[in-house]
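Here's the letter readout for the chains.
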Amino acid sequence: MKNEKIIRSPDTERKNRVPPGQRVTEKWPVLQYGGVPNIDVSKWTFRIWGLVKEERELNFDKFISLPKIKVFSDVHCVTSWSKLDNLWEGVSTSVIKELVDIRPKAKFVMVHSVGDFTTNLSLDDFFQPDVLFAVKHNNEMLTPQHGYPVRLVVPRLYFWKSAKWVVGVEFMEKDKRGFWESSGYHNHGDPWKEERYG
Ligand SMILES: Nc1nc2c(c(=O)[nH]1)N[C@H]1C(S)=C(S)[C@@H](COP(=O)(O)O)O[C@H]1N2
Ligand SMILES: [Mo]
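Computed from a predicted structure; not experimentally measured. (Residues numbered from 1 in each chain as written. Chains lettered and ligands numbered in written order. Predicted model: local features only at pLDDT ≥ 70, side-chain atom pairs only at ≥ 80, totals over all residues. Heavy atoms only, no water.)

### Structural notes on the site of ligand 1
Then, number 1: The local shell around ligand 1 holds 19 residues, among which Pro29, Tyr33, His146, Arg151 and Lys164 are the closest.
Then, number 2: In the model, an oxygen atom of ligand 1 is placed 2.7 Å from a nitrogen or oxygen of the Pro29 main chain.
Then, number 3: At 2.9 Å, a backbone N or O of Leu31 approaches an oxygen atom of ligand 1.
Then, number 4: For ligand 1, whose free accessible area comes to 530 Å², the fraction covered by protein is 98%.
Then, number 5: In a pocket analysis with a 2 Å cut-off to the grid points, ligand 1 is assigned to the largest pocket.
Then, number 6: Grouping the amino acids of the shell around ligand 1 by side-chain chemistry returns 13 nonpolar, four polar and two charged. (Near = heavy atom within 4 Å. Polar contact = N/O pair within 3.5 Å; in protein donor to acceptor, adjacent residues only side chain to side chain. Areas by Shrake-Rupley, 256 points an atom, 1.4 Å probe, with all protein chains shown as cover. 1 Å grid on protein atoms, 1.4 Å probe; cavity = no way out; pocket = protein on both sides within 12 Å on 5 of 7 lines; lining within 4 Å. Sits in = over half its atoms within 2 Å of the grid points. Nonpolar A, V, L, I, M, F, W, Y, C, P; charged D, E, K, R; others polar.)

Here it is as structure tokens:
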């Protein structure tokens, strides 16, 4: 693939890669609120809106032709399983910066998925170099259960921030809690600080 880079998420360089209260599993559990949507990529679009000079909407062909990176990361679910050694491939959030003019007032994003699922991040967390909109995991296309066609991956935060079935990102001035963040999960979700609930 052209323009490909491999980025090692810094938490994979720790001597002990398993955060407090977590257990390693070899399996990859499937977790979400509600069912698995059946997404037709010929109708799917990726929209960028909110505090941007001009909104953008990309169809799947456009999205998939954006430059891609590979990220090596660990996954930590707040329900206490961790899955090490994941190789993701997709579009870096830094590419989003080149697609729109983000207004200086913007300080947060809301990532939106099919079925009104949302998750919120500060711009600082969103633009970390290991955050991407993944289309592949361990060299295979994502399966529907794991977020096909596009999922966010935020390696340094609990996995609930890694929204499956993403359809867009909204830039905001003020922080607003997303779906799980409004249902008892922590607003930030750093697994090394055990920011699980609250
Ligand atoms: N769209 C959507 N994405 C979601 C969720 C959800 O409910 N809806 N749940 C999150 C939670 S709580 C977890 S642990 C991970 C699980 O991802 P996986 O099923 O690929 O393991 O997806 C996250 N992304
Ligand atoms: Mo979760």
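Further notes follow.
### Looking at a positive patch on the surface
Then, number 1: Taken together, the side chains of Lys53, Arg103, Lys105 and Lys174 define a basic patch exposed on the protein surface.
Then, number 2: Counting through the fold element by element, Lys53 comes out in the loop between strand S3 (45-50) and strand S4 (56-59). (Patch = residues over 30% accessible without salt bridge, like charges linked within 9 Å, V, L, I, M, F, W, Y side chains within 5 Å. Salt bridge = Lys/Arg side-chain N within 4 Å of Asp/Glu carboxyl O. Lys, Arg positive; Asp, Glu negative; His and termini not counted. Charge placed at Lys NZ, Arg CZ, Asp CG, Glu CD. Helix = DSSP H or I, 4+ residues; strand = E, 2+ residues; numbered from the N terminus.)

### Focus on empty space enclosed by the protein
Then, number 1: Per the counting criterion, the structure on display carries one cavity of 30 Å³ or more.
Then, number 2: Computed from the structure, the largest cavity encloses a volume of approximately 40 Å³.
Then, number 3: Surrounding the largest cavity, Ser73, Asp74, Val75, His76, Val153, Val154, Pro155, Leu157, Phe159 and Ser162 form its lining.
Then, number 4: When its residues are assigned to classes, the lining of the largest cavity shows six nonpolar, three polar and one charged. (Points joined across faces, edges and corners; volume = space filled by probe spheres on them.)

### Section: the sheet that holds strand S7 (residues 108-113)
Then, number 1: The sheet built from five strands is open, its strands ordered S4-S3-S12-S7-S8 with mixed pairing. Two strands close off the open sheet at either side, each with one partner strand: S4 and strand S8 (118-122). On average, adjacent strands in this sheet sit at an angle of 15° to one another, irrespective of strand direction.
Then, number 2: Examined bridge by bridge, S3 and strand S12 (residues 166-172) share four bridges and lie parallel to one another. Following the sheet pairing, Ile48 is matched in S12 by Val169. (Pairing = 2+ DSSP bridges. Axes fitted to C-alpha atoms, helices over the stretch in contact; angles between N-to-C directions.)

Geometric descriptors of this kind do not, in isolation, establish any biological role.
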